[in-house]
Amino acid sequence: MSDSLSYLLMAWLDPSLLGLTALGVLGGIYIGAIPGLSVTMAVSILISFTFSWDINNALALMVGIYVGGVYGGSRTAILLNIPGAPSAVTTAFDGYPLAQRGEAGKAIGLSTIMSVIGGIMGTVVLAGTAPYLSDLSLQFAPRDYFLIAVLGLLLVSSLSGKSLARGIFAVALGATIGLVGMDPVTAQPRLTMGSMELMGGISYVAVMIGLFGVAEALYQLHNLAKVPVKQNVNKIVPPLNMILKFLPLSMRASLIGVIVGALPGTGGDIASLFAYDHAKRSVKNPSRPFGEGAYEGLVAPETANNAAVGGAYVPMLTLGMPGDAVTAVIIGALVIHGLNPGPMLMIETPYIFWFTVGNLALANIFLLIFGLTGIKIFSKIVEVPKSILIPLIVVLCVVGAYSINSNMMDVYWMLGFGILGYWLKVFGFQMGPIILGVILGPMLDESYRQAMSSVGDQGGQFLLSLFTNPLSLILSSVTILVLLSNTPLKGWVLARFKRQ
Amino acid sequence: MSKHIERVQPGEKIFDWLLLLLSIGILFEAFRIDGGLKLNSAGSFPVGLGLVMLASSLAILFSHRYKRRAEHLHHAAEEFQAFIRDHFKPYIVVFSVAAILYLAAIVWFSFYLSTAVFLAAMFIFLRRGKIISSLIITALAIGAIYALFTLVFRVYLP
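Residues numbered from 1 in each chain as written. Chains lettered and ligands numbered in written order. Predicted model: local features only at pLDDT ≥ 70, side-chain atom pairs only at ≥ 80, totals over all residues. Heavy atoms only, no water.

Draft legend 1. Molecular detail of the overall build of chain B. Scanning chain B from N- to C-terminus turns up 6 helices and 2 strands. Along its sequence from the N terminus, chain B presents helices and strands in the succession β-α-α-β-α-α-α-α. Against the compact-globule benchmark of 15 Å for 158 residues, chain B has a radius of gyration of 24 Å, which places it well outside the compact range. For chain B, buried positions account for 42% of its 158 residues. (Helix = DSSP H or I, 4+ residues; strand = E, 2+ residues; numbered from the N terminus. Rg over C-alpha atoms; globule rule 2.2 N^0.38 Å. Buried < 20%, exposed > 50% of the residue type's maximum accessible area, 1.4 Å probe, protein only.)

Quick look at the structure:
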């Protein structure tokens, strides 16, 4: 217990960790706010710069950027109607109308407070549930891991992008990239096309930087002509009675955020959509009609997207499954540092868990401080033109891709995936599912083969085992339901019910 | 009542056909791992993924059957022109070529020199002139890169 407490407070008491968390949050707010930069991009690039650091320092910076970045997107959503991050899309629905009414300061203040409430709630749930879930996950058989990974990939396929087919293609493409190289069991070359260069696999950091950095930079070239809008902001600390009024809604939205965030492959963007929808349905008398500057329309998504951060850490730290694209990248960072994300993390390196919990809480305190201050400088910095930003992103990507292995080949891979990512993005594919596929692909392969071996390589037995064990049965049923809900069958069933 | 018609972007169908080809290529490579289909081997999961990619790329192509090209594009030649116009704008082409040359230059020359030339050239090009301010921003950027990566992060630079 005392050990857990000391790990929990480590980031609060160590000046360097304190400074790195603060720096991360501050940097994250700007990264999240500047359209064209994303938290996933920043964390991907950071892995390569911090892999020689002590793991606590590296994690402190990444956690700070993650927490700050999820919040930062809301500021430009409110001020400019340009969500800096996907999780802030719903914030713009009512945030921008509030700014147009001259209430931008109040809206930013309220969104800051609600983000912090959501973030703290997410952290509390993480601390309260993850140890139990981790114990439970030790009982999981390989087939259950296989089903959870399939479910996660299916969810991310169905919840992102233009169509389920595109989502599934993106996930499968990512998983295929993750499998390139020598088979860890038989040392057979897989998907290497006879190339010796590919025997060691493709560095997933290079893939991540290419897809989130270079692809985004190329895509942003289309928006080069957009001129940043100047905004004036006034006093931003909201009155206490206003916070208390929206507290019940923010609690409900926090719960939605944590649950949605904990589903493998979802994240803040989907959590905020769900929470906004909940607010629209549950608030009978909003301060103004939704979409015209209702505070409730700002409170719900802002609380939910930050609560989703804690939620996303739950499957990552207990099952080794990323809750969203950023935690997928953080899994990569943990592996590079020789750690083993998953149920064994709590047994082998419990300090990482408690350190992360304490660090998330600390990051939220810094979020409160930085969120309510420096707004004047902020509105200047987000006006950085894309013509300056885009070449700098390319240079950062080159340095990031090279420094991980000191190998120019990784830089060429990064560029190749950047170009592929650009075209995929143009034609409606999302980058998140590809990265989740890269991370989950090898895990799926391993759990599938273990599950097959456990039933003597009998296909029929394997299928039977998915439905004869209680936990597997639940997971299989949910997986089938998710799959069917994305087919025309759903419409047919609903129509039948309506008729009856 | 007018029926809503879904539109495809110029080049989208061709791209989706290319994805189908990629899926076939991956499936072929996956089959080569074990020289056939086995339920539990190094190649079984890649074959499964190849099949998933093939099925999903076919589903994507199938979804195009009711989609039409944009109203103002009457035939394939016009669609091709629109595709070139949208995605091969001069500044996109110049930037992409410059980025590739920059990567080549890193190997031939030093990182700092090639980065400085790349940044200065791109700032001047994308900002349409403003030479002095572009050079100042380049100098500041190089200084920041040196401070950050050489002094703070101490990473190996190309």
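Picking up where we left off.
Draft legend 2. Structural view of a nonpolar patch on the surface. All names here are of chain A. A cluster of nonpolar side chains, L5, L9, W12, L13, I365, L368 and I369, forms an exposed patch at the surface whose accessible area comes to about 620 Å². Residue contributions to the nonpolar patch peak at 3 residues, all from helix 16 (residues 350–371). Note that L13 resides in helix 2 (residues 10–13). Judged by its relative accessible area of 67%, L13 is exposed. (Patch = residues over 30% accessible without salt bridge, like charges linked within 9 Å, V, L, I, M, F, W, Y side chains within 5 Å. Areas by Shrake-Rupley, 256 points an atom, 1.4 Å probe, with all protein chains shown as cover. Salt bridge = Lys/Arg side-chain N within 4 Å of Asp/Glu carboxyl O.)

Draft legend 3. Inspection of the domain arrangement of chain B at higher detail. Under the domain assignment used here, chain B contains domain 1 (7–85) and domain 2 (90–152). Computed from C-alpha coordinates alone, the two centres of domain 1 of chain B and domain 2 of chain B are separated by 36 Å. (Domains from an automatic or database assignment.)

Draft legend 4. A look at the interface of chain B and chain A. With 60 residues of chain B in contact, the opposing surface of chain A contributes 60 residues. Buried surface at the junction of chain B and chain A, summed over both partners, amounts to about 5,100 Å²; 78% is from carbon and sulfur atoms. Considering only the surface of chain B that becomes buried against chain A, N40, F45 and L103 of chain B emerge as the three largest contributors, covering 13% of it. Counting the contacts that link chain B with chain A gives 2 salt bridges. For D16 of chain B, the salt bridge is made with R166 of chain A, and the minimal N-O distance between the two is 3.2 Å. On inspection of chain B and its partner chain A, the count reaches 11 residue pairs in polar contact (both at pLDDT 80 or more). Considering every element that reaches the side of chain B that touches chain A, the biggest residue donor is helix 1 (residues 12–34) of chain B, with 11 residues. Across the side of chain B that touches chain A, the residue classes break down as 41 nonpolar, 12 polar and 7 charged. (Contact = heavy atoms within 4.5 Å. Buried area = accessible area lost by both parts, 1.4 Å probe. Polar contact = N/O pair within 3.5 Å; in protein donor to acceptor, adjacent residues only side chain to side chain. Nonpolar A, V, L, I, M, F, W, Y, C, P; charged D, E, K, R; others polar.)

Draft legend 5. Seen up close, the pattern of salt bridges. Residues and elements named next belong to chain A. Taken as a whole, this structure holds 10 salt bridges over all chains when the rule is applied. Note that D183 is salt-bridged to R449, the shortest N-O span being 2.7 Å. Here the residue D183 occupies a position in the loop between strand 1 (181–182) and strand 2 (189–190), and R449 occupies one in helix 20 (residues 431–454), the gap between them amounting to 266 residues. The exposure class assigned to R449 is buried, which follows from its relative accessible area of 9%. D277 is paired through a salt bridge with R281; the nearest N and O atoms lie 2.8 Å apart.

Draft legend 6. Main features of the packing of helix 1 of chain B against helix 2 (residues 44–62) of chain B. Residue and element names in this part refer to chain B. Packing of helix 1 against helix 2 leaves a shortest axis separation of 8 Å and a crossing angle of 160°. Comparing the axis directions of helix 1 and helix 2 gives the class roughly antiparallel. Seen from above, helix 1 lies across helix 2 with left-handed handedness. Residues that form the contact of helix 1 with helix 2 fall into these classes: 18 nonpolar, 4 polar and 3 charged. (Axes fitted to C-alpha atoms, helices over the stretch in contact; angles between N-to-C directions. Parallel < 35°, antiparallel > 145°, perpendicular 65-115°, else oblique. Left-handed = near helix turned anticlockwise from the far one by under 90°.)

Draft legend 7. Representation of empty space enclosed by the protein in the model. Residues and elements named next belong to chain A. According to the stated counting rule, one finds 2 cavities of 30 Å³ or more in the structure shown. Of the pockets and cavities examined, the largest cavity occupies roughly 40 Å³. The wall of the largest cavity is formed by V67, G119, T123, N306, V309, G310, L360 and N364. Among the secondary structure elements, those contributing two or more residues to the lining of the largest cavity are helix 7 (104–137), helix 13 (296–319) and helix 16. Counting residues per element, the lining of the largest cavity draws most heavily on helix 13, which supplies 3 residues. Among the residues making up the lining of the largest cavity, the classes are represented as 3 nonpolar, 5 polar and no charged. (1 Å grid on protein atoms, 1.4 Å probe; cavity = no way out; pocket = protein on both sides within 12 Å on 5 of 7 lines; lining within 4 Å. Points joined across faces, edges and corners; volume = space filled by probe spheres on them.)

Draft legend 8. Structural context of helix 1 of chain B. With 23 residues, helix 1 of chain B should reach 33 Å at 1.5 Å per residue; the first-to-last C-alpha distance of 34 Å fits that figure. Buried within helix 1 of chain B we find E12, F15, D16, L19, L20, S23, I26, L27, E29, A30, I33 and D34 of chain B. Residues of helix 1 of chain B that are buried make contact with helix 9 (164–179), strand 2 and helix 19 (408–426) of chain A together with strand 1 (7–8) and helix 2 of chain B. Taken from the residues just after helix 1 of chain B, G35 of chain B is the one with a positive phi, measuring 75°. (Expected span 1.5 Å × (residues − 1).)

Draft legend 9. Spotlight on the nonpolar core. Within the largest apolar cluster, 204 residues are counted, with the highest numbers of intra-cluster contacts made by Y66, L126, Y313, I330 and M414 of chain A together with F95 and F118 of chain B. Residue contacts for I330 of chain A: discarding those within four places in its chain leaves V43, L59, M62, Y66, Y313 and M316 of chain A. Ranked by size, the runner-up nonpolar core spans 6 residues in total, among them L151, L154, L164 and I168 of chain A. (Core = buried A, V, L, I, M, F, W, Y, C linked by side-chain atoms within 4.5 Å.)

Draft legend 10. Helix 13 of chain A, seen in detail. In this model helix 13 of chain A runs 34 Å from its N-terminal to its C-terminal C-alpha over 24 residues, within 8% of the 34 Å that 1.5 Å per residue would give. Counting buried positions over the 24 residues of helix 13 of chain A gives 24, a clear majority of the element.

Draft legend 11. Focus on the packing of helix 12 (residues 268–282) of chain A against helix 13 of chain A. Residue and element names in this part refer to chain A. Where helix 12 meets helix 13, the axes come as close as 8 Å, and the angle between the chain directions of the two elements is 145°. Handedness of the crossing formed by helix 12 with helix 13: right-handed. Between helix 12 and helix 13, the residues in contact are G268, A271, S272, A275, Y276 and A279 and E296, G297, A300, P301, A304, N305 and A308, respectively. Of the residues in the contact of helix 12 with helix 13, the class split is 8 nonpolar, 4 polar and 1 charged.

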